[in-house]
Amino acid sequence: MYAVEHPEAAEAITALVERWCSRYSEVLKAETERLNREYQAAVAERAAAPVAVDISELLKLAHHTLAQAQAGAPVRWEAVSVALGIATGRRMAEVHSSATPKSTLRGIPLR
């Protein structure tokens, strides 16, 4: 290595590398700040014009699925899981991890 062969150059090389790293960090910081400002502007623009979503059909489907399960009709467990998520407004992971499902009717076939 050059620095080992010329110890007097080691200090100069170290100073140059440190200066380059410092300048590179400044450039990255400026670029990150610019990207962040652009992202925040895009988020603010999207938030200014919210989109209304009609979920009435999903709620009807969830109600129908849960009514079938309650009546003892064969239903897929995935459909019941999704229906519970839609009906409660909880994420699927929350429904599965916090629920303790118990059948109050004997013989409900869940596929």
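One can find the structure itself at the top, above this paragraph.
Residues numbered from 1 in each chain as written. Predicted model: local features only at pLDDT ≥ 70, side-chain atom pairs only at ≥ 80, totals over all residues. Heavy atoms only, no water.

S.K.: Explain the overall build of the protein chain to me, using residue names and the numbers behind them.
M.R.: Regarding its fold elements, the protein chain presents 5 helices and 0 strands. Secondary structure elements of the protein chain occur, N-terminal to C-terminal, as α-α-α-α-α. When the accessible surface of the protein chain is summed, it comes to about 9500 Å², and 61% of that surface belongs to carbon and sulfur atoms. (Helix = DSSP H or I, 4+ residues; strand = E, 2+ residues; numbered from the N terminus. Areas by Shrake-Rupley, 256 points an atom, 1.4 Å probe, with all protein chains shown as cover.)

S.K.: Account for the pattern of salt bridges, naming residues and giving values.
M.R.: Applying the stated rule across the entire model yields 7 salt bridges. Across the pair Glu78 and Arg76 runs a salt bridge, and its minimum N-O distance is 3.1 Å. A relative accessible area of 29% places Glu78 in the partly exposed class. Glu94 is paired through a salt bridge with Arg91; the nearest N and O atoms lie 3.3 Å apart. The network of salt bridges with shared partners includes Glu31, Arg34 and Glu38. (Salt bridge = Lys/Arg side-chain N within 4 Å of Asp/Glu carboxyl O. Buried < 20%, exposed > 50% of the residue type's maximum accessible area, 1.4 Å probe, protein only.)

S.K.: Help me get a handle on the side chain of Ser81, residues and values and all.
M.R.: Tracing the backbone through its elements, the reader meets Ser81 in helix H4 (residues 77-88). For Ser81, a relative accessible area of 6% corresponds to the buried category. If sequence neighbours within four positions are ignored, Ser81 has contacts with Met92 and His96. (Contact = heavy atoms within 4.5 Å.)

S.K.: Could you give an account of a nonpolar patch on the surface, with specific residues and numbers?
M.R.: The grouping of Val51, Val53, Ile55, Leu58, Leu59 and Leu61 at the surface amounts to a nonpolar patch, some 580 Å² of accessible area in total. Here Leu61 is to be found in helix H3 (residues 56-71). (Patch = residues over 30% accessible without salt bridge, like charges linked within 9 Å, V, L, I, M, F, W, Y side chains within 5 Å.)

S.K.: Lay out the packing of H3 against H4 with the relevant residues and their values.
M.R.: In contact at an axis separation of 9 Å, H3 and H4 are set at 125° when each is read in the N-to-C sense. With respect to their mutual orientation, H3 and H4 come out oblique. Where H3 crosses over H4, the handedness of that crossing is left-handed. Contacts between H3 and H4 involve Leu58, Leu59, Ala62, Thr65, Leu66 and Ala69 from the former and Ala79, Val80, Ala83, Leu84, Ile86 and Ala87 from the latter. Split by residue class, the contact of H3 with H4 holds 11 nonpolar, 1 polar and no charged. (Axes fitted to C-alpha atoms, helices over the stretch in contact; angles between N-to-C directions. Parallel < 35°, antiparallel > 145°, perpendicular 65-115°, else oblique. Left-handed = near helix turned anticlockwise from the far one by under 90°. Nonpolar A, V, L, I, M, F, W, Y, C, P; charged D, E, K, R; others polar.)

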